[in-house]
Amino acid sequence: DVKRLAARMIAEVRIPYEIGSNEISISMSIGISSFPDNADQAVDLVKQADDAMYRAKRKKGMYCFYDEL
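Residues numbered from 1 in each chain as written. Predicted model: local features only at pLDDT ≥ 70, side-chain atom pairs only at ≥ 80, totals over all residues. Heavy atoms only, no water.

## Observations regarding the overall build of the protein
- If you tally the helices and strands in the protein, you get two helices and four strands.
- Its helices and strands in sequence order give the protein the pattern α-β-β-β-α-β, from N to C terminus.
- A compact globule built from 69 residues would reach a C-alpha radius of gyration of about 11 Å, whereas the protein, at 14 Å, exceeds it by more than 25%.
- C-alpha atoms of the protein, sized along the principal axes, occupy 50 × 20 × 20 Å.
- Looking at the protein residue by residue over its 69 residues, the buried ones come to 23%.
- By sequence separation, contacts in the protein at least 24 residues apart represent 43% of the contacts at least 6 residues apart.
- Of the roughly 5200 Å² of accessible surface on the protein, a fraction of 53% belongs to carbon and sulfur atoms.
- The positive charge centre, built from 10 side chains, and the negative charge centre, built from 11, are 6 Å apart in the protein. (Helix = DSSP H or I, 4+ residues; strand = E, 2+ residues; numbered from the N terminus. Rg over C-alpha atoms; globule rule 2.2 N^0.38 Å. Buried < 20%, exposed > 50% of the residue type's maximum accessible area, 1.4 Å probe, protein only. Contact = heavy atoms within 4.5 Å. Areas by Shrake-Rupley, 256 points an atom, 1.4 Å probe, with all protein chains shown as cover. Lys, Arg positive; Asp, Glu negative; His and termini not counted. Charge placed at Lys NZ, Arg CZ, Asp CG, Glu CD.)

Given below as structure tokens:
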């Protein structure tokens, strides 16, 4: 399930870690498009995933499907 995988990846990346005496946190935004629902050419799928990723970035560390745009 793509939703579950995206949510798990985001959760795992959010776990803070230490470098020396500094705690580091990372966020992740994921854009998802699917074949053949959104496009049938790789270049179009990547562009649509990129569009969805930028929408996810506006949501601050989430995932977004292209068809939700």
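## Regarding the confidence of the model for the protein
- Overall, the prediction assigns the protein a mean pLDDT of 92, with 97% of residues at 70 or greater.
- When pLDDT is averaged over each element of the protein, strand β3 (residues 30-32) comes out on top at 96 and strand β1 (residues 17-19) at the bottom at 93. (pLDDT = per-residue confidence, 0-100.)

## With respect to the nonpolar core
- Core analysis: the largest hydrophobic core is formed by five residues, namely Ala6, Ile10, Ile30, Ile32 and Phe65.
- Those elements that provide at least two residues to this core are α1 (2-14) and β3.
- Setting aside anything within four residues of it in sequence, one finds Phe65 in contact with Val2, Lys3, Ile32 and Ala52. (Core = buried A, V, L, I, M, F, W, Y, C linked by side-chain atoms within 4.5 Å.)

## Overview of the packing of aromatic side chains
- For the structure on display, the rule yields one aromatic pair.
- Each ring, one from Tyr63 and one from Phe65, has its centre 6.2 Å from the other, and the planes form 85 degrees; the classification is edge-to-face.
- On the basis of relative accessibility, which here comes to 24%, the residue Tyr63 falls in the partly exposed class. (Phe/Tyr/Trp six-rings, centres within 6.5 Å; stacked < 30°, edge-to-face > 60°.)

## Things to note about the side chain of Asn38
- With respect to the helices and strands, Asn38 occurs in the loop between β3 and α2 (42-58).
- The exposure class assigned to Asn38 is buried, which follows from its relative accessible area of 18%.
- Each residue touching Asn38, except ones within four places of it in the same chain, is listed here: Ser33, Leu45, Gln48, Tyr66 and Asp67.

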